[in-house]
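# Coordinate analysis (summary)
Chain by chain, the residues run as shown.
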Amino acid sequence: RDVTNRYERLVFMLGNSRHNVEVYRSMEALAGFGAGDRIVCHLHDPCCHNVVQLGKGLEPGPYLAYLGRLYDNPQLLASFGSENWQAHKAAVDAGILGIRTLFDVGVRHFIVNSDAAARIVREDLSAAEGAATRVDVLYHPVFEPEVSRSEADPHQGSLVVGTFGAPSLSKGTDVVLAAVQELRRRGVKAKLIVAGFDANYFADGELAKNTDRSWLELAEPTTERGLQLDMLKCDIAVQLRRSNLGESSGVVPSLLALDIPTIVSSIGAFSEYGDAVQTFAGYDPVALADLLQSGPNIDHSAMQRYVREHSLAAFNAHLLSLLGMEPVAPVVAQVTPLRAQP
C-alpha cells in the first residue's frame with residue numbers, strides 16, 4: 001500500500017509478544033524499501049528481545065551473536081542456554097534491552113508511553129545512535145470501557161481481590177496469591193481472581209500442593225469485554241512489577257476507567273499514575289495483606305481525573321502533534337430530507 005500511496009508517516013505499534021511478529025516484519029521490510037525516514041515505532045515494551053528474535057527467525061545463539069555485534073559485547077555468547085528466554089535473560093542481565101536492533105532496522109523515531117521508557121530507550125542506544133534518534137513520550141490512553149458497572153455481580157461480606165494480564169513471577173502474581181492466602185489465615189473472607197493468558201498453568205505451578213482452591217477464580221478471557229467483566233468482580237486490583245523494563249500497562253488504565261481501586265509497584269512507568277493509584281513498595285505478602293485488609297487510600301476523584309486527562313481523544317490529538325500533522329476535519333454529508341408525499 002505504501003508503494004502506491006506513499007504515506008506521510010508509517011506508524012507501527014510494537015509490543016514484545018509473539019503476536020507482534022508480523023508488525024516487526026512489516027516494519028523491517030518497509031525500512032528496507034527506503035521508508036525509514038517516514039517510519040515511527042510506537043514501542044509498547046522497551047525490552048524487545050522476544051519480538052525481534054522471533055521476527056528475524058534466529059535461534060538463541062545466533063541472536064546473541066547479533067546482539068554482541070550491535071553492542072560490542074562478544075561475551076554474551078558465553079552465558080546462554082538452549083531456550084529463547086535464557087538468551088533474553090542473558091542480554092537483560094548484561095544491561096541490553098535490544099533497542100539497537102530497531103535502530104539497525106532503520107527506526108529513527110520512537111514514541112513510548114512513559115518518561116521511564118524514554119530514559120531506557122535513550123540509555124540503550126549508543127551515543128551516535130542516540131544523537132540520530134528522536135524519542136517522544138505519549139501516555140497509554142484510557143479507552144472507553146466495553147462494560148458498565150450495572151453488569152457487575154453483587155457480592156456481600158467478602159473481599160474480592162483481582163490481578164489481571166498474563167500472570168508471572170516478574171509481575172509478582174505469586175506475591176498476590178500469598179497475600180490473599182495470608183488474609184484467609186487471619187480469618188478474612190477473601191477471594192482472588194487471576195484473569196489473563198495462561199492463568200491456569202501459572203496457578204497449577206504455584207499451588208501444586210494446595211488442594212483447597214475455593215478462594216481462587218481463574219479465567220483466561222479472549223476478548224477485552226471478557227477481561228473487563230472479570231475486573232468488575234473485584235473490589236481491589238493489584239498489579240505488580242519486580243523490575244523496571246519500561247513497559248506500560250494496558251490493564252491499569254482499564255481498571256481506572258471502571259473506577260476500581262488499584263495497587264501498583266512504585267517503579268518505572270507505574271510511578272507515573274500519581275494519586276490515581278496506591279503504590280506498594282517491595283514484595284512482602286504479609287505487608288501486601290496488611291494493605292489489602294486496611295484498604296488502599298485512593299481518592300476516587302483522582303482516578304476520574306486521570307481518566308479524563310488521558311482520554312483517547314486527547315491521545316489522538318497528541319499523537320498527530322508528535323507526527324507533525326494536523327487533525328483532519330470530518331466530512332459531514334449534507335442530506336436534504338425528502339418531502340412528505342401528499
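What comes next is a walk through the structure. (Residues numbered from 1 in each chain as written. Predicted model: local features only at pLDDT ≥ 70, side-chain atom pairs only at ≥ 80, totals over all residues. Heavy atoms only, no water.)

## So, the overall build of the chain
When you go through the chain residue by residue, the secondary structure sums to 15 helices and 10 strands. If one aligns the C-alpha atoms of the chain with their principal axes, the spans along those axes are about 90 × 65 × 35 Å. Relative to its full complement of 342 residues, the chain shows a buried share of 47%. Sequence-distant contacts in the chain: of pairs separated by 6 or more residues, those separated by 24 or more amount to 74%. When the accessible area of the chain is evaluated, it comes to approximately 17300 Å², of which 52% is carbon and sulfur surface. Distance between charge centres in the chain, computed from 30 positive and 40 negative side chains, equals 2 Å. (Helix = DSSP H or I, 4+ residues; strand = E, 2+ residues; numbered from the N terminus. Buried < 20%, exposed > 50% of the residue type's maximum accessible area, 1.4 Å probe, protein only. Contact = heavy atoms within 4.5 Å. Areas by Shrake-Rupley, 256 points an atom, 1.4 Å probe, with all protein chains shown as cover. Lys, Arg positive; Asp, Glu negative; His and termini not counted. Charge placed at Lys NZ, Arg CZ, Asp CG, Glu CD.)

## Observations concerning the layout of surface pockets
There is about 170 Å³ of room inside the second largest pocket. Lining the second largest pocket are 15 residues; nearest its centre among them are N113, S114, Y139, E272 and Y306. When grouped by side-chain class, the residues that make up the lining of the second largest pocket number 7 nonpolar, 6 polar and 2 charged. (1 Å grid on protein atoms, 1.4 Å probe; cavity = no way out; pocket = protein on both sides within 12 Å on 5 of 7 lines; lining within 4 Å. Points joined across faces, edges and corners; volume = space filled by probe spheres on them. Nonpolar A, V, L, I, M, F, W, Y, C, P; charged D, E, K, R; others polar.)

## Overview of the pairing of strand β6 (residues 190–195)
Of all the 6 residues making up β6, 5 are buried; the element is thus mostly covered by neighbouring parts of the structure. Inspection of the sheet shows strand β5 (residues 159–164) paired to β6 by 6 bridges, in the parallel sense. The residue of β6 that forms the bridge with L159 is A190. Taken together, β5, helix α9 (residues 173–185) and β6 constitute a β-α-β crossover, and its handedness is right-handed. (Pairing = 2+ DSSP bridges. Right-handed = clockwise from strand over helix to strand, strands pointing away.)

## Overview of the packing of aromatic side chains
Per the stated rule, a full pass over the model turns up 3 aromatic pairs. Between Y139 and F315, the ring centres sit 6.3 Å apart and the planes meet at 65°, which makes this aromatic pair edge-to-face. Taken as a pair, Y139 in the loop between β4 (134–137) and β5 and F315 in helix α15 (residues 312–322) lie far apart in primary sequence, 176 residues in all. Residue Y139 is classed as buried on the basis of its relative accessible area of 18%. By relative accessible area, F315 is classed as buried at 7%. Ring plane angle 80° and centroid distance 6.1 Å describe the contact between F270 and Y273, whose orientation is recorded as edge-to-face. The two residues F270 and Y273 agree in class, both being buried. (Phe/Tyr/Trp six-rings, centres within 6.5 Å; stacked < 30°, edge-to-face > 60°.)

## Observations concerning the environment of V40
Tracing the backbone shows V40 in strand β2 (residues 39–43). Accessibility expressed as a relative area gives 1% for V40, which makes it buried. Separated by 217 residues in sequence, V40 and A257 have C-alpha atoms that sit 28 Å apart. Not counting residues within four places of it along the chain, the set of residues in contact with V40 comprises R9, L10, V11, F12, H109, I111 and L323.

## Quick notes on the sheet that holds β6
Strand order in this open sheet of 6 strands is β7-β6-β5-β8-β9-β10, and the pairing throughout is parallel. Of all the strands in the sheet, the pair left with one neighbour each is β7 (216–219) and β10 (278–280). Here the strands of the sheet are splayed against their neighbours by 25° on average, with no regard to which way each runs. Two strands pair when backbone bridges link them, and β5 and strand β8 (residues 236–239) are joined in this way by 2 bridges, in the parallel orientation. Residue pairing in the sheet places V161 in a bridge with I236 of β8. (Axes fitted to C-alpha atoms, helices over the stretch in contact; angles between N-to-C directions.)

## Examining the nonpolar core
One recurring pattern in soluble globular proteins: nonpolar side chains tend to sit buried together. Counting 36 residues, the largest nonpolar core has M27, L43 and L102 as its most contacted members. Here the element with the most residues in this core is helix α2 (residues 21–35); it accounts for 5 residues. Filtering out sequence-adjacent residues up to four positions away, L43 remains in contact with L14, I99, L102, F110, I111, V112 and V121. Residues V176, V180, L192 and L207 belong to the second largest nonpolar core, which totals 26 residues. (Core = buried A, V, L, I, M, F, W, Y, C linked by side-chain atoms within 4.5 Å.)

## Concerning the sheet that holds β2
Adjacent strands of a sheet form backbone hydrogen bonds with each other and so pair up, either parallel or antiparallel. Strand order across the open sheet formed by 4 strands is β1-β2-β3-β4, with parallel pairing between neighbours. Edge positions in the sheet fall to β1 (10–14) and β4, since each has one partner strand and no second. Taking the axes of each pair of neighbouring strands and ignoring which way they run, one obtains an average angle of 25° across the sheet. Bridge analysis of strand β3 (residues 109–112) against β4 gives 4 bridges, and the strand direction is parallel. Each residue of the ladder has a partner; that of I111, found in β4, is D136. Along the sheet, α2 makes contact with β1 and β2, crossing β1 at roughly 150°.

## A word on the side chain of T173
Mapped onto the secondary structure, T173 falls in helix α9. Judged by relative accessible area, which is 2%, T173 ranks as buried. The contact partners of T173, leaving out residues within four places of it in the chain, are T163, P167, S168, V194 and F202.

## Notes on the pattern of salt bridges
On inspection of all chains with the given rule, the structure shows 15 salt bridges. Among the salt bridges present, the one from R186 reaches E182, with a minimum N-O distance of 3.0 Å. R186 sits in the partly exposed class, given a relative accessible area of 31%. D275 serves as the salt-bridge partner of R305, at 3.5 Å between the closest nitrogen and oxygen. In this pair, R305 sits in helix α14 (residues 300–309) while D275 sits in the loop between β9 (262–265) and β10, placing the two residues 30 residues apart along the sequence. On the basis of relative accessible area, R305 is assigned to the partly exposed category, the value being 31%. Among the charged side chains, a salt-bridge network with shared partners connects E182, R185, R186 and D290. (Salt bridge = Lys/Arg side-chain N within 4 Å of Asp/Glu carboxyl O.)

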